[in-house]
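Listed below are the residues making up each chain.
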Amino acid sequence: MGTRFEELAWRETPIGAISLRRRRDPALQVEVYEVKLDDEYLMSSLFPVAEIELARLGLAELAGDTLDVVVGGLGLGYTARAALDDPRVRSLLVVEAIEDVIDWHRRGLLPFAAGLAEDPRTRFVQADFFAAVAGDTGFDAEAPGRRFDAVLLDVDHSPRNVLHPSHAAFYAPAGLRRLAAQLRPEGVFALWSDDPPDAEFTTALTEVFATARAHVVPFANPLTGGQSANTVYVARTAL
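Residues numbered from 1 in each chain as written. Predicted model: local features only at pLDDT ≥ 70, side-chain atom pairs only at ≥ 80, totals over all residues. Heavy atoms only, no water.

Identification of the chain as Spermidine synthase from Micromonospora coriariae is taken from an unreviewed UniProt entry.

Rendered as structure tokens:
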């Protein structure tokens, strides 16, 4: 790429202006893709490890040979792409609130997510994940009441640091019970968080699910030269 910086897409949305940017990092000698909401950084291609582990850790808990999976929040596509790498996944429903984010993938703007949009197992649904949990139809309007083997969620920064106040209720036991009702027996809910493990949220998970665990996922931070970490929560319903 000849230019140091390029804004690939920009759109005003109900929660702010979302943009996709590509830049050349001169120190690292790599192209970096970043998503911003107004002036806040949501995600970067420099830090994909925990987003990939969200899929791997979540699906590793499942014993079935054919899995139907929901990914809440598309973003740069790392979680969805990693889910498709599991050959047991027969269907992937990606629930994304912002149509423009889906369009980035359909237009092939993100080379590291190549194949996601074209995979016959993938279906994009433009919808509010949290409204779908609270509603009567569920995640799949074409099959109301459909249940899934796994729901992998990466939308908010953490259960305490949400992008919109309306999301907060989801992380309480009542919201988690509505989510659990959309899972099959021994189904899995996995959540990415930018914060360290939260004992209060883990307790909420154990009130609803048969098992719950917070995994700390360390990764090299090329900006600091040190190590950073995210958290992946994995909870499973009873048989």
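Q: Please explain the sheet that holds strand β4 (residues 40–44) as it appears in this structure.
A: In a beta sheet, neighbouring strands are held together by backbone hydrogen bonds and run either parallel or antiparallel to one another. Here four strands make up an open sheet; going across it, the order is β1-β2-β3-β4 and the pairing antiparallel. The strands lining the two open edges of the sheet, one partner per strand, are β1 (5–13) and β4. The sheet shows a mean angle of 20° between the axes of neighbouring strands, taken without regard to direction. Across the face of the sheet, helix α3 (residues 99–106) comes into contact with β1, β2 (16–25) and β3 (30–37) while running at roughly 35° to β2. (Pairing = 2+ DSSP bridges. Helix = DSSP H or I, 4+ residues; strand = E, 2+ residues; numbered from the N terminus. Axes fitted to C-alpha atoms, helices over the stretch in contact; angles between N-to-C directions. Contact = heavy atoms within 4.5 Å.)

Q: So what exactly am I meant to see when it comes to helix α6 (residues 199–208) here?
A: Side chains of residues three or four places apart in an α-helix project in the same direction, reflecting 3.6 residues per turn. Taken together, the buried positions of α6 are occupied by Phe201, Thr202, Ala204, Leu205 and Val208. Down the axis of α6, the buried set is contained in an arc of 155°. They therefore lie on one face. Seen from the open side of α6, the exposed residues pointing more than 90 degrees away from its buried face are Ala199 and Glu200. Here α6 starts with a cap whose side-chain oxygen sits 2.9 Å from the backbone nitrogen of Glu200, and that cap is Asp198. (Buried < 20%, exposed > 50% of the residue type's maximum accessible area, 1.4 Å probe, protein only. Arc of directions from axis to C-beta. Polar contact = N/O pair within 3.5 Å; in protein donor to acceptor, adjacent residues only side chain to side chain.)

Q: Help me out: how do you make sense of helix α5 (residues 173–180) in this one?
A: When we look at burial in α5, the residues that qualify are Gly175, Leu176, Leu179 and Ala180. Within α5, the buried residues cover an arc of 140° as seen down the axis, which keeps them to one side. Contact partners of the buried residues in α5: α4 (129–134), β8 (148–153), β9 (183–193) and α6.

Q: Help me out: how do you make sense of the sheet that holds strand β5 (residues 67–72) in this one?
A: One open sheet accounts for seven strands, arranged β7-β6-β5-β8-β9-β11-β10; its pairing is mixed. The open sheet has two edge strands, β7 (122–126) and β10 (211–221), and neither has a second partner. Averaged over all neighbouring strand pairs, the angle between strand axes comes to 20°, with direction disregarded. Along the sheet, α3 makes contact with β6 (89–96) and β7, crossing β7 at roughly 155°.

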